[in-house]
Amino acid sequence: MDWSRAKTIFIITFLILNIFLGVQLIMQKNQNKFDLIKETSIEERLKADEITFPELPQEPTEGTYVEAEEKMFREDELAFLRGQDIDLSEGTTVLSTLKDPYPLKKDWQEKDANEFVLNYVYKGGEYVFGEFREDENQIIYYQTYNNFPFFKNSSGQLVLTLNNNNEIVSYRQTMLDHVKELKKQELLTAYEALVTLYNKRLLRSGNKITKVEIGYYTLVPVRSSQLLAPTWRFSVEGGDDLFVNAVEGHAFSETESKKLE
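Only a predicted model underlies this, so the values are computations on that prediction, with no experimental measurement involved.

Procedures and definitions
Residues numbered from 1 in each chain as written. Predicted model: local features only at pLDDT ≥ 70, side-chain atom pairs only at ≥ 80, totals over all residues. Heavy atoms only, no water. Buried < 20%, exposed > 50% of the residue type's maximum accessible area, 1.4 Å probe, protein only. Helix = DSSP H or I, 4+ residues; strand = E, 2+ residues; numbered from the N terminus. Pairing = 2+ DSSP bridges. Phe/Tyr/Trp six-rings, centres within 6.5 Å; stacked < 30°, edge-to-face > 60°. Lys NZ or Arg CZ within 6 Å of the ring centre and 35° of its normal. Contact = heavy atoms within 4.5 Å. Core = buried A, V, L, I, M, F, W, Y, C linked by side-chain atoms within 4.5 Å. Polar contact = N/O pair within 3.5 Å; in protein donor to acceptor, adjacent residues only side chain to side chain. pLDDT = per-residue confidence, 0-100. Patch = residues over 30% accessible without salt bridge, like charges linked within 9 Å, V, L, I, M, F, W, Y side chains within 5 Å. Areas by Shrake-Rupley, 256 points an atom, 1.4 Å probe, with all protein chains shown as cover. Salt bridge = Lys/Arg side-chain N within 4 Å of Asp/Glu carboxyl O.

Observations regarding the pairing of strand S10 (residues 209–218)
Here is step 1: Of all 10 residues that make up S10, eight are buried, and the element is covered over most of its length.
Here is step 2: Looking at chain direction, S10 and strand S11 (residues 225–236) are connected through nine bridges and run antiparallel. Along S11, the bridge assignment pairs threonine 218 with leucine 228.

And the structure:
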């Protein structure tokens, strides 16, 4: 074998390898730079569009879909409820009328309504304040699972009805039961969900996001058995709530979800 020729081949081979590795390194650096520029540009565009939002949650990073069934209430479970006329509709809905209206302050806050829920409602501690529908004079509570709420779910919510004197006069309660977790998966971060909403043009110029939280949203709105997905909820001042499926990245508004029901 001609050693001089072999030496030349080795040199050329190593030179080609070095060039290849150098090109790969440059491409990787450019990609990282592009990702940084892309992320920065989103933040700049949000600022330019005057879209504001609070500090975004960093957790959770993992979660699961859950299965749940509509609870069938029993009369003996509700026997401890005093000062109320209780009726069960189809076994799945508690309809309560208070014998004496429960007064709230004129400038009532969540904690005032929470006190009623804890003392007058079956497993009231499993519900969390959701919203106040002023036009309907109703306070809406969402049922929770592991402290995460079931958003906008008619099968897992509590509706308090007020009279014109800010007194609670009745409520309607439903509940999901036999909740079962499925396979754990990596979740989109709140920031990634925010970017998704912006890229899908669900956020408008001047929008003010007042609250960002994660919970569960029903994929298919059926009553008896449900599959619910981990979902980010963005509360927008004066507008629709916006949602992002934290597993699949599907984004939608509250209005869009109602059309599917």
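Structure shown, so let's carry the discussion forward.
Thoughts on the packing of aromatic side chains
Here is step 1: Counted under the stated rule, the structure contains 16 aromatic pairs.
Here is step 2: Where tyrosine 102 meets tyrosine 120, the ring centres are 5.4 Å apart and the plane angle is 70 degrees; that geometry is what we call edge-to-face. Separated by 18 residues along the polypeptide, tyrosine 102 in strand S3 (residues 93–103) and tyrosine 120 in helix H2 (residues 110–120) bring together distant segments of the chain.
Here is step 3: Counting every residue linked through ring pairs, the aromatic cluster contains Tyr142, Phe151, Tyr217, Phe243 and Phe252.
Here is step 4: Note that lysine 71 overlies the ring of phenylalanine 73, its terminal NZ or CZ placed 5.6 Å from the centroid.

Some details on the environment of leucine 104
Here is step 1: As for its placement among the helices and strands, leucine 104 is situated in the loop between S3 and H2.
Here is step 2: Taking the C-alpha atoms as reference, leucine 104 lies 9.3 Å from phenylalanine 116; in sequence the two are 12 residues apart.
Here is step 3: Residue contacts for leucine 104: discarding those within four places in its chain leaves Asp112, Ala113, Ile139, Leu162, Asn166, Glu167 and Ile168.

So, the nonpolar core
Here is step 1: In this structure, Phe116, Ile139, Tyr141, Leu158, Leu160, Ile168 and Tyr171 are the most contacted members of the largest nonpolar core, which totals 23 residues.
Here is step 2: Put simply, the parts of the chain that give this core at least two residues each are S3, H2, strand S4 (127–133), strand S5 (138–145), strand S7 (157–162) and strand S8 (167–173).
Here is step 3: Not counting residues within four places of it along the chain, the set of residues in contact with leucine 160 comprises Phe116, Val117, Asn137, Gln138, Ile139, Tyr141, Ile168, Ser170 and Tyr171.
Here is step 4: Within the second largest apolar cluster, 22 residues are counted, among which are Ala193, Ile214, Trp232 and Ala246.

A look at the side chain of threonine 174
Here is step 1: Within the secondary structure, threonine 174 sits in the loop between S8 and strand S9 (176–186).
Here is step 2: Of note is the side chain of threonine 174, whose polar atom sits 2.7 Å from the backbone oxygen of serine 154.
Here is step 3: Here threonine 174 is in contact with Phe73, Thr92, Thr93, Tyr127, Gln143, Ser154, Ser155, Gly156 and Gln157, once residues within four sequence places are set aside.

Some details on the confidence of the model for the protein chain
Here is step 1: Per-residue pLDDT for the protein chain has a mean of 85; in total, 80% of the residues score no lower than 70.
Here is step 2: Looking at the elements of the protein chain, mean pLDDT is at its lowest for helix H1 (residues 3–48), recorded as 54, and at its highest for S7, recorded as 98.
Here is step 3: Note that pLDDT drops below 50 for residues 20–26; the model gives that stretch zero contacts with residues more than four away or on any other chain.
Here is step 4: Contacts for the low-pLDDT stretch residues 28–37, under 50 throughout, to residues beyond four places or in other chains number zero contacts.

Description of a nonpolar patch on the surface
Here is step 1: Taken together, Leu182, Leu219 and Leu227 make up a surface patch of nonpolar side chains, about 210 Å² in accessible area.
Here is step 2: Tracing the chain through its elements places leucine 219 in the loop between S10 and S11.
Here is step 3: On the basis of relative accessible area, leucine 219 is assigned to the partly exposed category, the value being 38%.

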